[in-house]
Amino acid sequence: MKSAVETLNPTRVRLTVEVPFEELKDSLDAAYKKINQQVTVKGFRKGKIPARVIDQRFGRGAVLEEAVNDALPKFYTEAVNDAELNPLGQPEVDITELKDGETLNFTAEVDVRPTVEIPDYSGIEVEVDAVEVSDEDVEKAVEQLRERFASTSPVERAAEEGDVVTIDLEAKVDGEVLEDGIANGVSYTIGSGELLDGIDDAVKGLEAGGEATFTSELKGGSAAGKEAEVTVKVSQVAARELPELDDDFAQLASEFDTLDELRADSRKRLENMKQYDQATQAQERVLDKLLELVEVPVPEKLLEDEINTRKHNLEHHQLGQMGLTLDKYLEIQGKTAEEFDTETREAAVKGIKTQFVLDELVNKEKLGVNQEELTEHLMRRAASSGMSPDEFAQAVVQQNQVPLLVGEVARGKALAVVVEAATVKDTNGEVVDLEDEDDETAEAAEAATADAAEGEGEEKTEA
């Protein structure tokens, strides 16, 4: 077999392949054997029909077609390997010449991974938010904890902001009560915004036994997105009582003996959260700077596939779970379809470029992924998906997604190499040493690369 490569553009090539007919022998034998098992000819046992009889009865062309279909993938793969190509997606194959007993010639056009030259990235500089936790931040965190330990007691007065009311709801659309439009005994905190728009104004001022009707757009159910006439009846009004903010509260709400210890722990937790946010910010901004330095051509077919994958996942998985259509989502976001398409395309381009650049860095720096790193990444992905590690691991294996996870970890390590070489300063002008937060940095790097490269031209685990 002989093959030659013609570069059509930086991301697409045409392979021209010439196959001597004798190299089709194994495929021809397999074609005769297959046809033998599929047909019957009077006077011959099944599977024992001579080749000349098959040629006479069914045509030599049918045998050649079966043989060529069997052989093409093998010859195409051999040509790709000989040329040391990295194909993306399926090739477009055209048989240019097939002469029985002489030769098989074909061409195959396919997108290929472009050559990426990694420049010197040691001069990258980025600015991130400083890690600062104010006394107000600490008090807010303690107050949120205090809210969780609030108690309620029934009162005989009109409902006010912050009260917990027990209510019955009935929703009508076009004068008809919806089958799923009735709910009884619902507990609702006035001002929480957890139910329907307009319900706060409707129930404020009502005492137990009071009733009001208001109009609101339904957020879910069979009539999601439609205007409904909602009747709300209050059966109980309860005032929320917060515990005293003292050492007894600290012992009730935590493992600490004093309020001062609880506040100190809250400060530490907030600092850890902000350090993680800072590491994530550094990863994202360094990645953006790196992509600005590298010229990366993007295969158009791969880009279109990535755009379609992102739209499909959003519309049929994320929005579907929330009972939203794409049009309703755009309305809530205040975006036009054109703006959405532009943003999706830009995100897809960034994702593809991120994968190409970081994969090249993985090769250049010879970065591997060990079992411990893969397991830690799997645990984090499982936690973010709401699945147990065993369930997530099983889904990954069943969907053949292990290489995808390995790639995410490797690309995270590659980005961490670039971040380590970059200069990262906070908004106070202080140099940030991310090596002090190795765990947070590694996790942030994997998250940043996974988010930027979402889709990656492959189906991702629906986990």
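What comes next is a walk through the structure. No experiment lies behind these values; they were computed from the predicted model shown. (Residues numbered from 1 in each chain as written. Predicted model: local features only at pLDDT ≥ 70, side-chain atom pairs only at ≥ 80, totals over all residues. Heavy atoms only, no water.)

Glancing now at the nonpolar core. Membership of the largest hydrophobic core comes to 34 residues, with the highest contact counts inside it found for Ile124, Val286, Leu290, Val357 and Leu361. Those elements that place two or more of their residues in this core are strand 5 (125-128), helix 7 (259-293), helix 8 (300-322), helix 10 (337-365) and helix 13 (402-421). It is helix 10 that contributes the most residues to this core, seven residues altogether. If we skip the residues at most four places from it in the chain, Leu361 touches Ile118, Tyr121, Leu290, Lys366, Ala414 and Val418. Counting 31 residues, the second largest nonpolar core, distinct from the first, contains Tyr32, Ala71, Phe106 and Val112. (Core = buried A, V, L, I, M, F, W, Y, C linked by side-chain atoms within 4.5 Å. Buried < 20%, exposed > 50% of the residue type's maximum accessible area, 1.4 Å probe, protein only. Helix = DSSP H or I, 4+ residues; strand = E, 2+ residues; numbered from the N terminus. Contact = heavy atoms within 4.5 Å.)

A full pass over the atoms with the stated rule returns 32 salt bridges. Glu331 serves as the salt-bridge partner of Lys328, at 3.3 Å between the closest nitrogen and oxygen. Placement of the pair is Lys328 and Glu331 together in helix 9 (residues 326-333), with a separation of three residues, close to one helical turn. Overall, Glu331 belongs to the exposed group, its relative accessible area being 54%. Notably, a salt bridge pairs Glu373 with Lys413, separated by 3.1 Å at the nearest N-O pair. Separated by 40 residues along the polypeptide, Glu373 in helix 11 (residues 371-385) and Lys413 in helix 13 bring together distant segments of the chain. Linked by salt bridges that have partners in common, Glu6, Arg12, Arg14, Glu92, Glu109 and Asp111 make up one network. (Salt bridge = Lys/Arg side-chain N within 4 Å of Asp/Glu carboxyl O.)

Inspection of every chain in the model, using the stated rule, returns one aromatic pair. With a centroid separation of 6.2 Å and 85° between ring planes, the pair formed by Phe149 and Phe249 is classed as edge-to-face. Of this pair, Phe149 sits in the loop between helix 4 (135-148) and strand 6 (151-154) while Phe249 sits in helix 6 (residues 247-253), and the two are 100 residues apart along the sequence. By relative accessible area, which is 2% here, Phe249 ends up buried. (Phe/Tyr/Trp six-rings, centres within 6.5 Å; stacked < 30°, edge-to-face > 60°.)

A few words on the environment of Ala4. Inspection of the secondary structure assignment puts Ala4 in strand 1 (residues 2-9). On the basis of relative accessible area, Ala4 is assigned to the partly exposed category, the value being 41%. With 316 residues separating them in the primary sequence, Ala4 and Gly320 have C-alpha atoms 48 Å apart.

With that out of the way, let us pick up the sheet that holds strand 1. What the four strands build is an open sheet, ordered 1-2-4-3; its pairing is antiparallel. Here the strands that pair on one side only, and so sit at the sheet edges, are strand 1 and strand 3 (87-99). Across the sheet, the axes of successive neighbouring strands diverge by a mean angle of 20°, strand direction being ignored. Bridge count between strand 2 (residues 12-20) and strand 4 (residues 103-112): nine bridges; the pairing is antiparallel. The residue bridging Val19 from the neighbouring strand is Leu104, located in strand 4. (Pairing = 2+ DSSP bridges. Axes fitted to C-alpha atoms, helices over the stretch in contact; angles between N-to-C directions.)

Attention shifts here to the pairing of strand 11 (residues 423-426). The alternating pattern of strand 11 places Val424 and Asp426 on a buried face, while none of Thr423 and Lys425, on the opposite face, is buried. Where strand 5 lies against strand 11, four bridges are found, and the strand directions are parallel. Residue pairing across strands places Val126 opposite Val424, the latter belonging to strand 11.

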